[in-house]
Amino acid sequence: MAHRDPEYLGYYPGAEVVFAVVCPLGTPYNRVVEALGNYLSHFGYKTKRVQLSDYFDDLLLQLGSDLSREGDDAVAIAFHKIAAGNKIRQITEKNDIMALVAAGAIADWRNEENKALGRKSSQKRSFPLTNTAYVISTVRRPEEVATLRRIYGSGFFLIGVNASREEREHYLSEKGIDADLASRLMETDAKEKLEFGQATRDAFQMADVFLSGDAAGGAYADQVSRFLDLLFGCPILTPTPEEQAMFMAYAASLRSGDLSRQVGAAIIDAHGDLISVGCNEAPKPGGGLYDPPSLGKTSHRDIELGEDSNEREKETMADRIVQDEREKETMADRIVQELGGGIDPKTVRTSLKTAGFFDITEFGRSVHAEMEALLACARSGRSARDAILYTTTFPCHNCTRHIIAAGISRVIYIEPYAKSRASDLHPDEISVDREETGKVPFLPFVGVGPRRYFDLFSLTLSTGYPIERKKYGKLIPWARATAAVRLQVKQHVLGAGIACLWNAESDTIFTWLARN
């Protein structure tokens, strides 16, 4: 139960809260936005929506771009939105530009409301509004997420909304976009190979909460309702088995000293009991993984050796390929090279990258997290048959074959992994993002993300206010009408500082636009 005294440390009734939505293209995220507005009203909050694409044309005009939409059909509109966002980021050379635009829009709203209330604001300060929530849709870059978190702190929540590929294709087809174009749009949206392109896949895994449903929106509404109850300090909600298992996988990942990424996995048996965890780390003699060096113990992890063996081998092979091509040159080729032509090492490396050469993972020393979790079962004499494997990152194709052979019944993941060829190599054994009879389903995680696990579930270790469940041995009643946001932009303590930062950021943008 939230403490009712407004002077209690960290408790500010009616404090502002900011949400942003990230989702793959074709996801019916408006259902989530509608559910947010509906349930926030139960807490006495009004909702203001920041639709980032609404600012594109005006920004392009201010930036002097002549980019225009080539038609009024759904395909033209979709491609224009992608091109417009890319162009704005490219001209400003800021991948977080739309986050700053959103912050500027919020600051403008605050100033307008405060003016109507008779409060004086300045260019350097605007007062937070009470009982107000902002919903930004939709973010497309991880830099946007990082900037919004820097501006709003713990009062910012990223909502990842997912739907299966089939559901997204169906949603786009209802808008008149055929299957081939829909596929192109979805791949472009997920990860463009452009410095200032979209990278929705990278932004999605940064979410605070993950939702999944269909166009009908029923599942979305239930998930939004539970998330908001947690956010407003409901004392009777505890983690689902899926949330607990994914948090254990995430906790396991923190042990990794791998130079490229930290990945964790947890295996849960058919009864819901944890039977093993694993992370990506170098193996040690006698079984298991190396620990950090300590008194009397040495360690030979990549972090101690100071290099990534997989990267070293790929670079060595690329150099050999370039050298082999040079050795095949004829005298005529050498004459051409002296005149400025011939084989260009950069061109060869670009071709290798396009072909996927640098996606090879064969030469890494680390045991992958999923494999270590399976090996831990073997070392302890526990069977993984019919168990569920939770992993922070979608399994690579190497791990996938072992997951199938071990008898794992399903895989739950958070972060997509573009290098994985699992679905290409095992189309008859696995189904991705959907259930299919006779196949092992690889499904996206649904629930509170590991990064907010303590904040929303711990009674006392949250960065928000502590929660009390009982008084005189009885459960303390909780109601939406009197609840307060547990993690918030604190009005009394941080309001002025945050407001100043918002304005500083937004003023910088629009001053820059006007000057250029």
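These notes cover the structure that comes with them. Values in this document were obtained by computation on a predicted structure and should not be read as measured data.

## Remarks on the overall build of the protein chain
Alright, step 1. Regarding its fold elements, the protein chain presents 19 helices and 14 strands.
Alright, step 2. Per-residue burial over the protein chain gives 49% buried out of 516 residues.
Alright, step 3. Within the protein chain, residue pairs in contact and separated by at least 24 positions form 71% of the contacts whose partners lie at least 6 positions apart.

## Here's the deal with the sheet that holds strand E3 (residues 132–137)
Alright, step 1. The 6 strands are arranged E2-E3-E1-E4-E5-E12 in an open sheet whose pairing can be described as mixed. If you trace the sheet from one side to the other, it starts and ends with strand E2 (46–51) and strand E12 (447–448), each paired once.
Alright, step 2. As judged from the 6 bridges shared by E2 and E3, these two strands associate in the parallel manner. The partner of Lys48 across the bridge, within E3, is Tyr134.
Alright, step 3. Set on the sheet, helix H1 (residues 30–42) makes contact with strand E1 (17–22), E2, E3, strand E4 (156–162) and strand E5 (209–212); between it and E2 the angle comes to about 155°.
Alright, step 4. Along the sheet face, helix H4 (residues 97–116) touches E1, E2 and E3 and points at about 140° away from the line of E2.

## A short note on the pattern of salt bridges
Alright, step 1. For the structure shown, the criterion picks out 29 salt bridges.
Alright, step 2. Taking the shortest distance from any N to any O, the salt bridge between Asp208 and Arg452 comes out at 3.0 Å. One end of the pair, Asp208, is in the loop between helix H8 (200–204) and E5; the other, Arg452, is in the loop between E12 and helix H18 (453–457), with 244 residues separating them in the sequence. With respect to class, Asp208 is no different from Arg452; both count as buried.
Alright, step 3. Salt-bridge contacts for Glu313 lead to Arg312; the nearest nitrogen and oxygen are separated by 3.6 Å.
Alright, step 4. For Glu313, a relative accessible area of 24% puts it in the partly exposed group.
Alright, step 5. Salt bridges linked by common partners bring Arg149, Asp208, Arg451, Arg452 and Asp455 together as one network.

## Focus: the state of the cysteines
Alright, step 1. Summed over the entire model, instances satisfying the criterion amount to 0 disulfides.
Alright, step 2. There is no disulfide at Cys396, and the cysteine sulfur nearest it, in Cys399, is 3.8 Å away.

## Quick notes on the pairing of strand E7 (residues 274–279)
Alright, step 1. With 5 bridges joining them, strand E6 (residues 264–268) and E7 adopt antiparallel strand pairing. Bridge pairing links Ile268 to Leu274 in E7.
Alright, step 2. From the end of E6 to the start of E7, which pair antiparallel, there are 5 residues, and Gly272 there has a positive phi angle of about 90°.

## Quick notes on the packing of aromatic side chains
Alright, step 1. Overall, the coordinates contain 14 aromatic pairs when judged by the stated rule.
Alright, step 2. Clustering of aromatic rings is evident, with ring pairs tying together Phe43, Tyr45, Phe232 and Trp478.
Alright, step 3. If you follow Lys48 out to its NZ or CZ, it ends over the ring of Trp109, 5.7 Å from the centre.

## Concerning the environment of Gly407
Alright, step 1. For Gly407, the location among the structural elements is in the loop between helix H16 (397–406) and strand E9 (410–415).
Alright, step 2. C-alpha separation for the pair Gly407 and Val440, spaced 33 residues apart in sequence, amounts to 8.9 Å.
Alright, step 3. In contact with Gly407, other than residues within four places in its own chain, are Ala384, Arg385, Asp386 and Ala387.

## Things to note about unusual backbone geometry
Alright, step 1. Between Ser137 and Thr138 the backbone carries a cis peptide bond, its omega angle lying at -15°.
Alright, step 2. The topology assignment puts Thr138 in the loop between E3 and helix H5 (142–152).
Alright, step 3. Positive phi, close to 55°, is recorded for Glu93, a residue that is not glycine.
Alright, step 4. Secondary-structure assignment places Glu93 in the loop between helix H3 (74–92) and H4.
Alright, step 5. A positive phi angle is found at Asp433, which is not glycine, with a value near 65°.
Alright, step 6. Summarising the element assignment, Asp433 is placed in the loop between strand E10 (430–432) and strand E11 (440–444).

## Some remarks on the side chain of Arg486
Alright, step 1. With respect to the helices, strands and loops of the structure, Arg486 is situated in the loop between strand E14 (474–475) and helix H19 (495–515).
Alright, step 2. Here Arg486 occupies a buried position and makes no salt bridge, while the nearest side chain of opposite charge, Asp455, is found at 7.3 Å.
Alright, step 3. A distance of 3.2 Å separates a polar side-chain atom of Arg486 from the backbone oxygen of Leu459.

## As for the packing of helix H6 (residues 165–174) against helix H7 (residues 179–190)
Alright, step 1. At a minimum axis separation of 10 Å, H6 and H7 run at an interaxial angle of 120°. Taken together, the axis directions place H6 and H7 in an arrangement best described as oblique. Crossing geometry of H6 relative to H7 is assigned as right-handed. In this structure, H6 contributes Arg165, Arg168, Glu169 and Leu172 to the contact, and H7 contributes Ala182, Ser183, Met186 and Glu187.

## Describing the environment of Asn398
Alright, step 1. Looking at where Asn398 falls in the secondary structure, it is placed in helix H16.
Alright, step 2. Distance from Asn398 to Thr361, taken between C-alpha atoms, is 9.1 Å for residues 37 residues apart in sequence.
Alright, step 3. Not counting the four nearest positions on each side in its chain, Asn398 is found in contact with Thr361 and Glu362.
Alright, step 4. A polar contact is formed between the side chain of Asn398 and the side chain of Arg401, at a distance of 3.4 Å.

## Considerations on the sheet that holds E10
Alright, step 1. Taking strand neighbours across the sheet as the criterion, the 6 strands line up as E7-E6-E8-E9-E11-E10 in an open arrangement whose pairing is mixed. Across the chains shown, the open sheet's two edge strands, defined by having one partner strand only, are E7 and E10. Each adjacent strand pair in this sheet contributes to an overall mean axis angle of 20°, direction not counted.
Alright, step 2. Pairing geometry for E10 and E11, over 3 bridges, is parallel. If you follow Ile430 over to E11, its bridge partner there is Val440.
Alright, step 3. Across the sheet, helix H15 (residues 369–380) is in contact with E6, E7 and strand E8 (388–393); its angle to E7 comes to roughly 140°.

Reading the values: the criteria
- Residues numbered from 1 in each chain as written.
- Predicted model: local features only at pLDDT ≥ 70, side-chain atom pairs only at ≥ 80, totals over all residues.
- Heavy atoms only, no water.
- Helix = DSSP H or I, 4+ residues; strand = E, 2+ residues; numbered from the N terminus.
- Buried < 20%, exposed > 50% of the residue type's maximum accessible area, 1.4 Å probe, protein only.
- Contact = heavy atoms within 4.5 Å.
- Pairing = 2+ DSSP bridges.
- Axes fitted to C-alpha atoms, helices over the stretch in contact; angles between N-to-C directions.
- Salt bridge = Lys/Arg side-chain N within 4 Å of Asp/Glu carboxyl O.
- Disulfide = S-S within 2.5 Å.
- Phe/Tyr/Trp six-rings, centres within 6.5 Å; stacked < 30°, edge-to-face > 60°.
- Lys NZ or Arg CZ within 6 Å of the ring centre and 35° of its normal.
- Lys, Arg positive; Asp, Glu negative; His and termini not counted.
- Polar contact = N/O pair within 3.5 Å; in protein donor to acceptor, adjacent residues only side chain to side chain.
- Parallel < 35°, antiparallel > 145°, perpendicular 65-115°, else oblique.
- Left-handed = near helix turned anticlockwise from the far one by under 90°.

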